[in-house]
Amino acid sequence: MNNTAITHAMTVDVEDYYHVAAFAQVIKPEDWPQWPSRVEANTEKLLQLFDDRNIKITFFILGWVAERYPELVKKIRAQGHEIASHGYSHQLIYKQTPEVFRAETAKSKQILEDLAQTPITGYRAASYSITRKSLWALDILAELGFTWDSSIFPTRHDNYGIPGSPEEPYRIITSNGTPLLEFPLTTAKVLGQSVPAAGGGYFRQYPYALSRWLFNRASHNQAKPQIFYLHPWEIDPDQPRVPNASWFSNFRHYTNLKRCMPRLENMIRDFPFGTMSQSLGSTQITRELNIRELAGN
Ligand SMILES: [Zn+2]
């Protein structure tokens, strides 16, 4: 029995519907400005909800969005939420070179720091794309001054995941010896398998009772803090439809958009949520791994 009060992390990845990896084949980054933007209005709906319920959360903001909607970043900050980086261009890290990753991550950090007037120390990769192929990104994050990361999904998926990596917060010792706290995305053990239970598309596909059960199971009946995430476009049933995407991409993107907001309200009612930093602060981190151990060598 654990009597210490824990805080789960509520997180929003601030990006628009046309940034998602599922549409990368049909919408090129140079065409992004031609799509009607929905990110400001959707994020403001979420801000209203969190304000009404009086909780502070963490917003991982895409540099590309921050550059175009600086007032949104300032508003998030003014409402007392934590701001962290979601990179700049939303490209998969394992498809980038370390040089490109370093340059655009530094750029997005600077954009957010200038707007928020506070050091940006947390990071989440586009589509959780820190995998065994891109562990070098963790070294670069530590070099750039990030102290915590939330990019690793300890599960097997077609586009991301490090199966077998720790399921609770741990300390990564990067190649030059600088530590980086990793808060992995929530998974629940069901019949020996790690099942994603952190939100996003799964949250829209599962009935709410199943999501709640999985999240509670992952947290060992509220003994261990976990992460919940969603995107502003997930609460927007009226977003423009993207033509020519595959059946599977459409399924992943459009399922149950209408149900997302009421389900999110249920999550906030049923679990205690705060920022990533509050959540990390509510748990004792004892496990330590270096990059080679994380690579499984
Ligand atoms: Zn994203």
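Calculation criteria
- Residues numbered from 1 in each chain as written.
- Predicted model: local features only at pLDDT ≥ 70, side-chain atom pairs only at ≥ 80, totals over all residues.
- Heavy atoms only, no water.
- Helix = DSSP H or I, 4+ residues; strand = E, 2+ residues; numbered from the N terminus.
- Rg over C-alpha atoms; globule rule 2.2 N^0.38 Å.
- Buried < 20%, exposed > 50% of the residue type's maximum accessible area, 1.4 Å probe, protein only.
- Contact = heavy atoms within 4.5 Å.
- Lys, Arg positive; Asp, Glu negative; His and termini not counted.
- Charge placed at Lys NZ, Arg CZ, Asp CG, Glu CD.
- Axes fitted to C-alpha atoms, helices over the stretch in contact; angles between N-to-C directions.
- Parallel < 35°, antiparallel > 145°, perpendicular 65-115°, else oblique.
- Left-handed = near helix turned anticlockwise from the far one by under 90°.
- Expected span 1.5 Å × (residues − 1).
- Donors = N, O, S within 2.8 Å, 3.2 Å for Na, K, Ca; no water.
- Pairing = 2+ DSSP bridges.
- Arc of directions from axis to C-beta.
- Core = buried A, V, L, I, M, F, W, Y, C linked by side-chain atoms within 4.5 Å.
- Polar contact = N/O pair within 3.5 Å; in protein donor to acceptor, adjacent residues only side chain to side chain.
- Phe/Tyr/Trp six-rings, centres within 6.5 Å; stacked < 30°, edge-to-face > 60°.
- Lys NZ or Arg CZ within 6 Å of the ring centre and 35° of its normal.

A. Structural context of the overall build of the protein. Scanning the protein from N- to C-terminus turns up eleven helices and twelve strands. A compact globule built from 297 residues should have a C-alpha radius of gyration of about 19 Å, and the protein, at 18 Å, falls within 12% of that. Along the longest, intermediate and shortest principal axes, the C-alpha atoms of the protein span 45 × 45 × 40 Å. Within the protein, buried positions represent 55% of all 297 residues. Partitioning the intrachain contacts of the protein with sequence separation of at least 6 by distance along the chain shows that 77% fall at a separation of at least 24. Counting 31 positive and 30 negative side-chain charges, the protein places the averaged centre of each group 6 Å from the other.

B. Expanded view of unusual backbone geometry. With a phi close to 60°, His90 is a non-glycine residue in the positive phi region. For His90, a relative accessible area of 9% puts it in the buried group.

C. Summary view of the packing of helix 3 (residues 70–78) against helix 4 (residues 98–116). Relative orientation of the contacting elements helix 3 and helix 4 amounts to 60°, with a least axis distance of 9 Å. Considering their axes alone, helix 3 and helix 4 lie oblique with respect to each other. Crossing of helix 3 against helix 4: the hand is right-handed. Residues Pro70, Val73, Lys74 and Arg77 of helix 3 touch helix 4, and the partners they reach there are Leu112, Leu115 and Ala116.

D. View of helix 4. Helix length check: helix 4 (19 residues) gives 27 Å between terminal C-alpha atoms against 27 Å at 1.5 Å per residue, within 8%. Buried residues belonging to helix 4 abut strand 2 (58–61), helix 2 (63–68), helix 3, strand 3 (82–85), strand 4 (122–123) and helix 5 (136–143). Following helix 4 by one or two positions, Gln117 adopts a phi angle in the positive range, close to 55°.

E. Representation of the coordination of the zinc ion in the model. Distances from the zinc ion to its protein donors, Glu15 (OE), His86 (NE2) and His90 (NE2), fall at 1.9 to 2.1 Å. As a motif over one chain, the donors of the zinc ion read E-x70-H-x3-H. Residue Glu15 is located in the loop between strand 1 (8–14) and helix 1 (39–52), and its partner His90 is located in the loop between strand 3 and helix 4; the two are separated by 75 residues in the primary sequence.

F. View of the pairing of strand 7 (residues 179–182). Residues Leu180 and Glu182 line the buried face of strand 7, whereas the alternating positions Pro179 and Leu181 sit on a face that is not buried. With two bridges connecting them, strand 5 (residues 148–149) and strand 7 associate as parallel partners. Bridge pairing links Asp149 to Glu182 in strand 7. Note that strand 6 (residues 170–173) and strand 7 share four bridges and pair antiparallel.

G. Structural context of helix 8 (residues 247–254). Turning to helix 8, its buried residues are Ser249, His253 and Tyr254. Buried residues of helix 8, viewed axially, fall in a sector of 100°; they line one side. Looking at the buried residues of helix 8, the elements they touch are helix 6 (200–205) and helix 9 (257–270). The first or second residue beyond helix 8 is Asn256, which carries a positive phi of 55°.

H. Region of interest: the nonpolar core. Ranked by internal contacts, the top residues of the largest apolar core, which has 70 residues, are Phe50, Leu138 and Leu264. With six residues, the single largest contributor to this core is helix 9. Once residues within four sequence positions are removed from consideration, Phe50 is found in contact with Met10, Val12, Ile55, Ile57, Phe59, His81, Leu264 and Ile268. Grouped together as the second largest cluster of nonpolar side chains are 15 residues, Tyr128, Tyr160, Ala198 and Tyr229 included.

I. Structural detail: the side chain of Ser134. The topology assignment puts Ser134 in the loop between strand 4 and helix 5. A polar contact is formed between the side chain of Ser134 and the backbone oxygen of Ser129, at a distance of 2.8 Å. For Ser134, the contacting residues outside a window of four places in its chain are Ile93, Tyr94 and Ser129.

J. Layout of the environment of Tyr160. Secondary-structure assignment places Tyr160 in the loop between strand 5 and strand 6. Residues Tyr160 and Thr131 lie 29 residues apart in sequence; the distance between their C-alpha atoms is 6.3 Å.

K. How the structure looks around the packing of aromatic side chains. Considering all chains together, one arrives at 25 aromatic pairs under this definition. For the ring pair Phe23 and Tyr254, a centre distance of 6.0 Å and an interplane angle of 40° mean the geometry is tilted. One end of the pair, Phe23, is in the loop between strand 1 and helix 1; the other, Tyr254, is in helix 8, with 231 residues separating them in the sequence. For Phe23, a relative accessible area of 0% puts it in the buried group. The exposure class of Tyr254 is buried, given its relative accessible area of 15%. Cluster of aromatic residues (ring-pair linked, three or more members): Phe203, Tyr208, Phe215, Phe228, Phe271 and Phe273. The ring of Tyr88 carries the charged tip of Lys107 above its face, separated from the ring centre by 4.0 Å. It is Lys109 that lies over the ring of Phe146; its NZ or CZ is 5.4 Å from the centre.

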